Amino acid sequence: MVVLALKCVQESTVPGRDVWMYSTERRLKAQQAVNKLMEKIQRWWKSNGEVGNIYSTPLVLQALLATGDTERWLKGKINLLNKSKQGAFQNPMALSQLLPVLYRKTYLDIGQMDCRSKSDELRWVDLEPQEPETRSQSGFVYVSVKGKNLVTTYTTRVPLLNQMSLLDVLQAAKRNDTNFTFETEQTLWGPFLTSVNHVPGQDDTKTYWRLISGAHTPLIEGIQDYFPKPGEHILLQLSSF
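Residues numbered from 1 in each chain as written. Predicted model: local features only at pLDDT ≥ 70, side-chain atom pairs only at ≥ 80, totals over all residues. Heavy atoms only, no water.

What about the overall build of the chain?
For the chain, the count of helices and strands is 6 helices and 8 strands. Ordered by position from N to C terminus, the α and β elements of the chain give α-α-α-α-α-β-β-α-β-β-β-β-β-β. For a compact globule of 241 residues, the expected C-alpha radius of gyration is about 18 Å, and the chain comes in at 22 Å, more than 25% above that figure. Seen along its three principal axes, the alpha-carbon backbone of the chain occupies a region of about 65 × 50 × 30 Å. Looking at the 241 residues of the chain, the share that counts as buried comes to 36%. Counting contacts in the chain only where the partners sit at least 6 residues apart, residues at least 24 apart contribute 56% of the total. Carbon together with sulfur atoms contributes 52% to the accessible area of the chain, which is approximately 16,000 Å² in total. For the chain, the separation between the mean place of its 28 positive charges and that of its 24 negative charges on side chains is 8 Å. (Helix = DSSP H or I, 4+ residues; strand = E, 2+ residues; numbered from the N terminus. Rg over C-alpha atoms; globule rule 2.2 N^0.38 Å. Buried < 20%, exposed > 50% of the residue type's maximum accessible area, 1.4 Å probe, protein only. Contact = heavy atoms within 4.5 Å. Areas by Shrake-Rupley, 256 points an atom, 1.4 Å probe, with all protein chains shown as cover. Lys, Arg positive; Asp, Glu negative; His and termini not counted. Charge placed at Lys NZ, Arg CZ, Asp CG, Glu CD.)

Next comes the structure, spelled out in structure tokens:
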């Protein structure tokens, strides 16, 4: 996102006039900053076309497009397209960053759009009401809590129903056991886990609640977007950043 902002500084012109909005000196500094950031992206680039994980990659691919690196953009796009076909992109925020990439666009292209000339092609569709699906139990999910000292302070077993997200699992655990509680904060990416059993993650102590599947696999989805499997062990671990 920083690369896109810097490219905007470089390329912005005064509305109605064919002159740069920012001085040559400022535009040169922006280009130097872009070069440094792109060097970091090249170091972090993975052979499968990802930087970080699949949810951080769409903005990176927008940065590659904005700087003319279409070769890496194409490789990353193919990977993300395959992941999307597997159902990886259900979160609205993730989709908003992915869709421009698939159409070889970036957020910078918004400045070139004339929305007043676009016809409104959205149409309401009346859907037939559907009977609510019966949610049958498919097994159990095991939830544990560890502090920074890696000592387990809580563990429970939660019945797992069909299409039950991790947020649903935590809410069920909270309803069934007064010894377990958690808090969330709403973000553009959905609910963010901020506190477990009255212990908050804090910026001043550089701590947060990490979500882990099994013994070592960190979750890249949030609690609303991740759907545990029967028999899965979910660890909520207070960690440092």
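Comments concerning the packing of aromatic side chains
Per the stated rule, a full pass over the model turns up 4 aromatic pairs. Ring plane angle 65 degrees and centroid distance 5.4 Å describe the contact between Tyr55 and Phe89, whose orientation is recorded as edge-to-face. Here the residue Tyr55 occupies a position in the loop between α2 (24-44) and α3 (57-66), and Phe89 occupies one in the loop between α4 (70-85) and α5 (92-102), the gap between them amounting to 34 residues. In this pair, the class of Tyr55 matches that of Phe89, namely buried. On the numbers, 5.3 Å between centres and 25 degrees between planes, the contact of Tyr154 with Phe180 is stacked. (Phe/Tyr/Trp six-rings, centres within 6.5 Å; stacked < 30°, edge-to-face > 60°.)

A word on the layout of surface pockets
Within this model, the largest pocket holds a volume of roughly 710 Å³. In terms of lining residues, the largest pocket is bounded by 28 residues, among which Leu219, Ile220, Glu221, Gly222 and Ile223 are the most central. Elements represented by at least two residues in the lining of the largest pocket include exactly β4 (190-196) and β6 (207-213). Put simply, the second largest pocket is a space of about 290 Å³. (1 Å grid on protein atoms, 1.4 Å probe; cavity = no way out; pocket = protein on both sides within 12 Å on 5 of 7 lines; lining within 4 Å. Points joined across faces, edges and corners; volume = space filled by probe spheres on them.)

Focus: the sheet that holds strand β8 (residues 233-240)
What holds strands together in a sheet is hydrogen bonding between their backbones, with the strands either parallel or antiparallel. Ordered in space as β2-β1-β8-β6-β7, the 5 strands form an open sheet in which the pairing is mixed. This sheet does not close on itself; its edge strands, each paired only once, are β2 (152-161) and β7 (217-218). Direction of pairing for β6 relative to β7: antiparallel, over a ladder of 2 bridges. Among the inter-strand pairings, Ser213 is bridged to a residue of β7, identified as Thr217. (Pairing = 2+ DSSP bridges.)

Some thoughts on the nonpolar core
Judged by nonpolar contacts, the single largest core of 25 residues is most densely connected at Leu166, Val169, Leu170, Phe180 and Leu236. The dominant element in this core, judged by the number of residues it contributes, is helix α6 (residues 166-176), at 6 residues. Those residues within four positions of Leu236 in sequence are excluded, and the remaining contacts are Val143, Ser144, Val145, Lys146, Leu170, Phe180, Leu193, Val196, Trp209, Arg210 and Leu211. Membership of the second largest hydrophobic core comes to 23 residues, among which are Met38, Phe89, Ala94 and Leu98. (Core = buried A, V, L, I, M, F, W, Y, C linked by side-chain atoms within 4.5 Å.)

Details of the packing of helix α1 (residues 2-11) against α3
Axis separation between α1 and α3 bottoms out at 8 Å; the angle between their running directions is 30 degrees. In terms of orientation, α1 and α3 fall into the roughly parallel class. Note on packing geometry: the crossing formed by α1 with α3 is left-handed. Only Gln62, Ala63 and Ala66 of α3 make contact with α1, whose side of the interface consists of Val3, Leu4 and Lys7. Per-class residue counts for the contact of α1 with α3 are 4 nonpolar, 1 polar and 1 charged. (Axes fitted to C-alpha atoms, helices over the stretch in contact; angles between N-to-C directions. Parallel < 35°, antiparallel > 145°, perpendicular 65-115°, else oblique. Left-handed = near helix turned anticlockwise from the far one by under 90°. Nonpolar A, V, L, I, M, F, W, Y, C, P; charged D, E, K, R; others polar.)

Observations regarding the pairing of strand β3 (residues 182-187)
Here 6 bridges tie β3 to β4, and the two strands are oriented antiparallel to one another. Directly across from Gln186, in β4, lies its bridge partner Pro191. A loop of 2 residues connects β3 with β4, the two strands running antiparallel in sequence.

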